[in-house]
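Close look at the chain arrangement
Spelled out from the first residue to the last, the chains are:
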Amino acid sequence: RFHHTSTSHLCSCSKTVSDEKYQDPFQLGRKDLKNLYEDIKKELLVSAAELKEMCDYYFDGKGKAFRPMIVVLMARACNIHHNNSKEVQASQRSVAIIAEMIHTASLVHDDVIDDANSRRGKRTLNQIWGERKAVLAGDFILSAASVALARIGNTTIISVLTQVIEDLVRGEFLQLGSKENENERFAHYLEKTFKKTASLIANSCKAVSILGCPDPKVHEIAYQYGKNVGIAFQLIDDVLDFTSCADHLGKPTAADLKLGLATGPVLFACQQFPEMNAMIMRRFSKPGDVERARKYVLQSDGVQQTTYLAQRYCHAATREIRKLRPSPEREALVHLTEMVLMRDK
């Protein structure tokens, strides 16, 4: 795949340079994520059989648990930085659970808004149970996450994580609108990307840093790391929409174009093919628009430029996390930035 070859020689500057042994983030985070999905299901205790079945549908233990893993690794890295404590606090692990619940609730709602029919290689909730019940299931997961958040009993943490929910809604509204001014378009796209994807990672990282360390500088490091990794993650997601096959991705390709969305590769391609402007403004609604736009993107360097931009965000994340005291968890978070760039689904 295109960005696999293009990133291999460019990622080397973010490779591990400390004495710490290379750490696989998934292996390192596994201990703290044991029984994660069982614990989420305990938060979703319901008597109604159908609602329970819907809530359990995505919490089947087959997800990568990417967000909870970042959160527990950040918790350990901050705890070690502060007082060399190697254990994750119960409240920090709760943040990881809450992050996954908020994320999943947002997916359920997104699928309703987008009328999506597949997610993670299987049918969406709205396809099986219908839109109304899917909306209610998403609401229920979100409410259960709010109850778990209140149980932490820390008003600062509540404030930090409720910001995520506000950002998700604002991000969705940004996605529903578009900018006529070409110069404003990219800023609009990056703001939407932050609110819809990166805010959850940034604020979850900040929350565990607050719980583990009193230093505001550390809170900012955690936030900036999460923000930069989150934006890079979505940029690569937008690249994969053009370069990956549907079976591999677990959802249809060119999905964003079909929804009328101009993502990074499209906005970069538009600089080479100005005739795309009219298509962007009408949200690829005319017959043949989606196919033509996809062709323009693949003829342009839009995919490459978006990948380069993701690399810049990953390098910024690496710079931030290296400000913490060396630890296996810190190195795992560095390595995670490379994994974000190299992922193919």
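Our structure's up above, just so we're on the same page.
Everything numeric here is computed off the predicted structure, so don't read it as measured data.

All right, on to the overall build of the chain then. Assigned secondary structure in the chain consists of 18 helices and 2 strands. Over its C-alpha atoms the chain spans a radius of gyration of 20 Å, differing by no more than 12% from the 20 Å that the globule rule assigns to 345 residues. C-alpha extents for the chain along the principal axes are approximately 60 × 55 × 35 Å. The burial tally for the chain puts 56% of its 345 residues in the buried class. When the accessible surface of the chain is totalled, it reaches about 15300 Å², and 52% of it is carbon and sulfur. Computed over 47 positive and 42 negative side-chain charges, the separation of the two mean positions in the chain equals 2 Å.

The N-to-C vectors of helix H4 (residues 49–58) and helix H8 (residues 131–152) enclose an angle of 75°; their axes lie 10 Å apart at closest approach. On the basis of the axis angle, H4 is roughly perpendicular to H8. In this structure, H4 contributes Glu-50, Leu-51, Met-54 and Cys-55 to the contact, and H8 contributes Lys-133, Ala-134, Ala-137, Phe-140 and Ile-141. Split by residue class, the contact of H4 with H8 holds 7 nonpolar, no polar and 2 charged.

The next thing to look at is the nonpolar core. Inside soluble globular proteins, nonpolar side chains tend to come together where they are buried. Counting 96 residues, the largest nonpolar core has Phe-66, Ile-70, Met-74, Val-95, Met-101, Tyr-225 and Met-276 as the members making the most contacts within it. The greatest single-element share of this core, amounting to 14 residues, is contributed by helix H11 (residues 216–243). Residues within four places of Met-276 in sequence aside, it is in contact with Val-266, Ala-269, Cys-270, Ala-293, Tyr-296 and Val-297. Counting residues in hydrophobic clusters, the runner-up holds 9 residues, among them Tyr-57, Tyr-58, Val-108 and Ala-134.

So, on to the packing of aromatic side chains. Under the defined criterion, the tally for this structure stands at 7 aromatic pairs. Ring centres of Phe-186 and Tyr-189 lie 5.6 Å apart, and the angle between their planes is 80°; on these two criteria the pair is classed as edge-to-face. Residue Phe-186 and its partner Tyr-189 are located together in helix H10 (residues 182–212), separated by 3 residues, close to a single helical turn. We classify Tyr-189 as buried; its relative accessible area is 3%. Taken together, the ring pairs in this structure connect Tyr-57, Tyr-58 and Trp-129 into an aromatic cluster. Sitting over the ring of Phe-233, Arg-343 keeps its end group 3.8 Å from the ring centre.

What counts, and where the lines are drawn
Residues numbered from 1 in each chain as written. Predicted model: local features only at pLDDT ≥ 70, side-chain atom pairs only at ≥ 80, totals over all residues. Heavy atoms only, no water. Helix = DSSP H or I, 4+ residues; strand = E, 2+ residues; numbered from the N terminus. Rg over C-alpha atoms; globule rule 2.2 N^0.38 Å. Buried < 20%, exposed > 50% of the residue type's maximum accessible area, 1.4 Å probe, protein only. Areas by Shrake-Rupley, 256 points an atom, 1.4 Å probe, with all protein chains shown as cover. Lys, Arg positive; Asp, Glu negative; His and termini not counted. Charge placed at Lys NZ, Arg CZ, Asp CG, Glu CD. Axes fitted to C-alpha atoms, helices over the stretch in contact; angles between N-to-C directions. Parallel < 35°, antiparallel > 145°, perpendicular 65-115°, else oblique. Contact = heavy atoms within 4.5 Å. Nonpolar A, V, L, I, M, F, W, Y, C, P; charged D, E, K, R; others polar. Core = buried A, V, L, I, M, F, W, Y, C linked by side-chain atoms within 4.5 Å. Phe/Tyr/Trp six-rings, centres within 6.5 Å; stacked < 30°, edge-to-face > 60°. Lys NZ or Arg CZ within 6 Å of the ring centre and 35° of its normal.

Bear in mind that shape data such as this cannot, by itself, settle questions of function.
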